[in-house]
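Results of the structural survey
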Amino acid sequence: VLISALDALFANMIAESNTSDTSKSMRKRIHDAFGYENGLYESIPHLHVFLQGDTLSAHPSPMMGSKKANQVEFMLCRLIGAIASDEIPVVIYLDDLQWADSFSIEILSRLLLDQCIQNILVICSYRSNQIRCNDQLSTALSNIQQVRGKASSSSLTRVEKIDLFF
């Protein structure tokens, strides 16, 4: 889902105005983060199209073998860190986190534990009664709370139709 959202973001950036100051600034931050190589082009094709407008030429570098997931996690975090700025803060909302796979939980952990990533807000929702004490998500949330110390949480009881605001 995160990869699809990032691809849609770059598709929108291309459609709106690939020459705007915001696009130029984002393009430079992404090039600064990745240099000439970017193994995410395969997964995020609009990223490659978005970056072609810059004077730097980028060449896809396909990833192979068992290191692929680890490299993709690392590069996704770097990409989000490069996108997030004072002019473009990033808000990520993840719903039903209790059903997240290991890959998504690892990306979330890396993203939130990286002290260099600024201008980002991550909002997560999950059903606490569906998370086991030794679950990977519980461990990740605990680690994030210990390291960052800024996480806040709210518990909701059953939401009735009357409680919803339109």
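The structure we're discussing is the one just above.
First, a word on scope: everything that follows refers to the structure included in this document. Note that this is a predicted model, so its numbers are computed, not measured. (Residues numbered from 1 in each chain as written. Predicted model: local features only at pLDDT ≥ 70, side-chain atom pairs only at ≥ 80, totals over all residues. Heavy atoms only, no water.)

**As for helix α4 (residues 68–83)**
The criterion, for reference: Every helix listed is a DSSP run of H or I at least four residues long, and every strand listed is a run of E at least two residues long, numbered separately from the N terminus. For a helix, the expected span equals 1.5 Å multiplied by the number of residues minus one. When a residue's accessible area, from a 1.4 Å probe over protein chains only, is under 20% of the maximum for its type it is buried; when over 50% it is exposed; and in between it is partly exposed.
In a regular helix each residue adds 1.5 Å, so 16 residues correspond to 22 Å; α4 covers 22 Å between its end C-alpha atoms and thus fits that length. By the burial criterion, the buried members of α4 are V72, E73, M75, L76, C77, L79, I80, A82 and I83.

**With respect to helix α5 (residues 102–113)**
Here α5 spans 16 Å end to end across 12 residues, near enough to the 16 Å set by a 1.5 Å rise per residue. What α5 keeps buried is the set I105, I107, L108, S109, L111 and L112.

**With respect to a nonpolar patch on the surface**
Note the following rule: Nonpolar side chains (Val, Leu, Ile, Met, Phe, Trp, Tyr) within 5 Å and like charges within 9 Å form the patches, drawn only from residues with over 30% relative accessible area and no salt bridge. Using the Shrake-Rupley algorithm and a 1.4 Å probe, accessible areas are obtained, with residue cover drawn only from the displayed protein chains. For this document, the term salt bridge refers to a Lys or Arg side-chain nitrogen within 4 Å of an Asp or Glu carboxyl oxygen.
On the surface, V91, Y93, L121 and I123 cluster together into a nonpolar patch covering about 390 Å² of accessible area. For the nonpolar patch, the secondary structure elements donating two or more residues are β3 (90–94) and β4 (120–124). On the basis of relative accessible area, L121 is assigned to the partly exposed category, the value being 45%.

**Remarks on the environment of F10**
Just so we agree on the cut-off: Residues are treated as being in contact if the distance between any of their heavy atoms lies within 4.5 Å.
Residue position: F10 is located in helix α1 (residues 2–17). Using a relative accessible area of 0% as the deciding quantity, one classes F10 as buried. Linking F10 and S23, residues 13 residues apart in sequence, is a C-alpha distance of 9.6 Å. Leaving out residues up to four positions away in the same chain, F10 has contacts with M26, I30, I44, H46, L47, F50, L79 and I83.

**Topic: unusual backbone geometry**
The phi dihedral of D96 falls on the positive side, at around 55°, and the residue is not glycine. For D96, a relative accessible area of 27% translates into the label partly exposed. A positive phi angle is found at N119, which is not glycine, with a value near 60°.

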